[in-house]
Every structure is written in C-alpha cells, then in structure tokens.
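# Fold and contact review
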Amino acid sequence: MTDQIFRIPPYALTAPCAPQAGPLRGSLRVDVALVGAGFSGCIAALELSRRGLSVALIEAGEVGQGGSGRNHGQCIPVFGYLDETQLPPAGFALLRDAGRLVFDQIAELGIACDPVQKGWLQAAHSAKGLERARATHARYAALGKADAFLDPEEVAALSGVSGTFGGWLHRDGGHLNPLAYVRGLARAAQAAGARLHTRTPVTGLRRGRDGAWILATPEGEITARKVGLATNAYGMGAVPARMRASLVPMTSYAIASAPLQPHQRAAVLPSGVNFSDTRRDPMFFRVDATGRIITGGLVELRRGRWTAPTVAEQGARLARRFPELQGLVWTHHWTGTVGISARQRPAIFELEEGLWGLLGYSGRGVPTSAVLGRAFAATLTDPAEGAQLWPADPPARIPAGRLIGLAVQSLRGPVNKLRDRLS
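Owing to the predicted nature of the structure, the values given are computational and were not obtained by experimental measurement. (Residues numbered from 1 in each chain as written. Predicted model: local features only at pLDDT ≥ 70, side-chain atom pairs only at ≥ 80, totals over all residues. Heavy atoms only, no water.)

## Regarding helix α1 (residues 39-50)
- With twelve residues, α1 ought to run about 16 Å at 1.5 Å a step, and its terminal C-alpha atoms sit 17 Å apart, in line with that.
- Burial runs high along α1: eleven of the twelve residues are buried.
- Among the residues making up α1, those that are buried are Phe-39, Ser-40, Gly-41, Cys-42, Ile-43, Ala-44, Ala-45, Leu-46, Glu-47, Leu-48 and Ser-49.
- On its buried side, α1 packs onto β1 (26-35), β2 (55-58), α3 (98-109), α6 (178-192), β17 (355-359) and α10 (365-381).
- Where α1 ends, the next residue or the one after it, Gly-52, has phi of about 95°, a positive value. (Helix = DSSP H or I, 4+ residues; strand = E, 2+ residues; numbered from the N terminus. Expected span 1.5 Å × (residues − 1). Buried < 20%, exposed > 50% of the residue type's maximum accessible area, 1.4 Å probe, protein only. Contact = heavy atoms within 4.5 Å.)

So this is what it looks like as structure tokens:
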C-alpha cells in the first residue's frame, strides 16, 4: 500500500479534457430536454440530434461526474435478462450485440478512450463453477458470441492464471477509460447540435399551460415538449418520488494499483482480456492502458469502505494468482452508486405524458447504455417506435430501498465467501 491514496479515479490523468460547457443562463425552448449527461443521456442526445430534434442535455455537475465516470471501465455484455420472450426482436438483437455497439461507436466517433476489445474471460474456479461456466458459455456460443470452451491451459495462456477448470471468452467484451468515453460521447452530441449545460441542476419540474414541460434551474429555465430523466441512481432528489422508489441504491468501490513493472505486466492478463472467475464472491479485474490493475466490488462492512483492509485483501487475492504481484502498491480508492432495479433489468417508462424515465442498470452500465441510450431516443421521438426496441414498463416499487441496499451490502460478501468455502 502506498502512503498516499487518491480518492478519485485515475481516469482523469489520461482522459482528454471535458467538452466546453457551462451553466444555463436564461430561457431555452427545445423539443427534448435530457437530464443527466452520463453514457445513456449523451447517447440519447446524440441520437435525437441526428434525427433533427432540438435537444438540451443538462448535468448537475460535470460530464461523467456520476456513475459513468466512476465505474470500473469494463464492458461485460453478459445479461441475465437477455431473453427472447421478454424483449422485442430488435431489442434482443441490440442487447446481444451490446459490446460490439460500444466499440463500433467509439471507432465511428473517433473517441480517444483507450478502448481494448480483446474479450471478457470467465474462468471456472471449481467443478461446480465449471458447470455454471459451461451453461453460460453454451448460451452465448449459440448466439455467435463465443468459440469453443477453453481448457485450463488456454485460460492460463490468455490470463496468466493457472489452476482453473477451464473457461470461456465472450469475444465482444473489453475495457476502456470510462471518463474519456463519456466525455467523447458528450462532445459528439454537441457536434450533432445538442445544447450541453453542466453545473445545471434541476430545481423544479412542472407542466406549462400549453402542455409542455418546464424545468427550472438555478439561473435559467428550459421548456420542452418531452423530458427524459437519465440520472439513474444519481440526482434522485430532482426526479419524481415514483422514480426514486424504483431503485435499490448500493455503493460500489474500485481500487487502482500503481502502474505494473514490465515483468508484472507480462504475467498479468497478457492477452488484454478482462478477467472474472465463477466464485460467488468473484474476483474481477482488468489492466488499463497505463498498466494499472483496476478491481472492486460492492462496499461491505470493511472491504471497500476502509482502504487498508480493502487493498490488503484484494492484494492477497491477486498475489495468490500472480506471485509477481506480491507487495503491489495501490494508489487510488474511490466509490460510486449503483442502481439496482427489482427485475435487475433497465426500465424505460412514462411517469406522466411526455415525461419519461430510464433507470436500473444493475452494474452493467457500459454495454447496457449503448442499447438503452438508443432505445430512449427512439421512445422520446415516438413511443411506438421505442417499444420495438425496449418495452415501456414501469419498474416495481421497492419499499425501503435504501435500507435493503445497506442490508445486502453488509451481508452479501460474508455470505458469498461462506458459499465459496462450502462449495
């Protein structure tokens, strides 16, 4: 552990500058107002602007200040709700190809965000884990997203981790600098014609006499035919109570190491894949473009909350896989908020006529937003068109969501560790 731990992500060290934007001052009238300049809000603003609609995209802080700029930077396009019976055919196809959508759009827009698409590797840590990995592999292989199941030697060649029972590689997975990515999306939305205003929180929301929505901000006002609320677990004070009651907010953490030495980098994930195993208390990590290991999880009573036990435990877990990492120095420890919905599937829903919400990524923000940003834009243009991409159904209300989140975070880690030992 280093003597100084920075409480912010290291992404800002290499990310291009944020697009030029500032607070809204005065009045503005647009077709669509979007609240929240994260991945989904920026993608929706870009899509709507390309359709010829006038768009205002407002952010209470700076672009990427919330979950989009604070996550682990992994693109893991594996979803429990990828179900042909629950999603429209076009939406199912988009979700199936979510990883490819992310990296294709990065290439199309020329976003400098250190994209690496070498796949997401899941390694089986036990015989029971092998059964689960084979089942997931079979599902994605049938969709054309995975090749043959890997033997232990192939897993070791890709990851440097020996002693597994085998594994599989989702070829569309990858990783990136999430702050650079969201800034690039915001810049592209601006270039397409969207009005971007940062440091512009919503202080009031009401209907005007002509049926349009009026968003009050500290120094201005926006009138819009339609409004899209894309704050997810952030900025919940500005959204209707029905939306706040649809999420269980949980706090996640991430830690980043100092850049690896050349011999360490050669041993750890040499192929550039993202790594995860099949433990109930999983170990997932990646190596970024600067050679830092980035890993994390949900904040528990100790792990994730306090730096010393967090880096000690995670460092020991990594050193068991890679002896070269013994004594690894950690430099960054930060947290963010994850929004968990009852179905653990994102929801697009209409709160009132012309007022739409989008929330519930449940920890898969990078690939999911590539789909939901597009679907949200289609819905805000024409709900019938949007329904062909994603069902417009309200998420279930969750009483005492914050208390549930605290309880799950406190118990999840210890329970999963016990399950791993028993299995």
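## Quick word on the packing of α3 against α10
- In contact at an axis separation of 8 Å, α3 and α10 are set at 80° when each is read in the N-to-C sense. Relative to α10, the element α3 is oriented roughly perpendicular. Of α10, the residues touching α3 (which contributes Ala-98, Leu-101, Val-102 and Gln-105) are Val-366, Pro-367, Ala-370, Val-371 and Arg-374.
- A per-class count over the contact of α3 with α10 returns seven nonpolar, one polar and one charged. (Axes fitted to C-alpha atoms, helices over the stretch in contact; angles between N-to-C directions. Parallel < 35°, antiparallel > 145°, perpendicular 65-115°, else oblique. Nonpolar A, V, L, I, M, F, W, Y, C, P; charged D, E, K, R; others polar.)

## As for the side chain of Thr-295
- Mapping Thr-295 onto the fold places it in strand β14 (residues 293-298).
- Residue class for Thr-295 comes out buried when judged on its relative accessible area of 1%.
- At 2.6 Å, the side chain of Thr-295 and the backbone oxygen of Phe-284 are in polar contact. (Polar contact = N/O pair within 3.5 Å; in protein donor to acceptor, adjacent residues only side chain to side chain.)

## What to know about the side chain of Asp-393
- Structurally, the position occupied by Asp-393 is in the loop between α11 (383-387) and α12 (401-422).
- Since its relative accessible area comes to 18%, Asp-393 is described here as buried.
- For Asp-393, the side chain forms a polar contact with the side chain of Arg-345, separated by 2.7 Å.
- Apart from residues lying up to four places away in sequence, Asp-393 is in contact with Arg-343, Arg-345, Ala-347, Ile-348 and Phe-349.

## Overview of the packing of aromatic side chains
- Inspection of every chain in the model, using the stated rule, returns eight aromatic pairs.
- Centre to centre, the rings of Phe-39 and Tyr-181 are 5.1 Å apart; their planes meet at 45°, and the pair counts as tilted. Placement of the pair is Phe-39 in helix α1 and Tyr-181 in helix α6, with a sequence separation of 142 residues. In this structure, Phe-39 and Tyr-181 share a single accessibility class: buried.
- Ring centres 5.6 Å apart and planes at 90° place the aromatic pair Trp-120 and Trp-168 in the edge-to-face group. Here Trp-168 lies in strand β5 (residues 167-170) and Trp-120 lies in strand β4 (residues 120-123), a separation of 48 residues in the sequence.
- The class for Trp-120 is buried, based on a relative accessible area of 5%.
- The exposure class of Trp-168 is buried, given its relative accessible area of 0%.
- Site record: aromatic cluster; members linked through ring pairs are Phe-79, Tyr-81 and Trp-390.
- We note Arg-134 situated over the ring of Phe-149; from NZ or CZ to the ring centre the distance is 4.2 Å. (Phe/Tyr/Trp six-rings, centres within 6.5 Å; stacked < 30°, edge-to-face > 60°. Lys NZ or Arg CZ within 6 Å of the ring centre and 35° of its normal.)

## Some thoughts on the sheet that holds β14
- Judged by pairing direction, the sheet is mixed, and its seven strands sit side by side in the order β5-β4-β12-β13-β14-β11-β15 without closing on themselves. Unpaired on one side and paired on the other, β5 and β15 (330-340) mark the two borders of the sheet. The sheet shows a mean angle of 20° between the axes of neighbouring strands, direction not considered.
- Packed onto the sheet, helix α5 (residues 152-159) meets β4, β5 and β12 (274-277) and runs at close to 135° relative to β4. (Pairing = 2+ DSSP bridges.)

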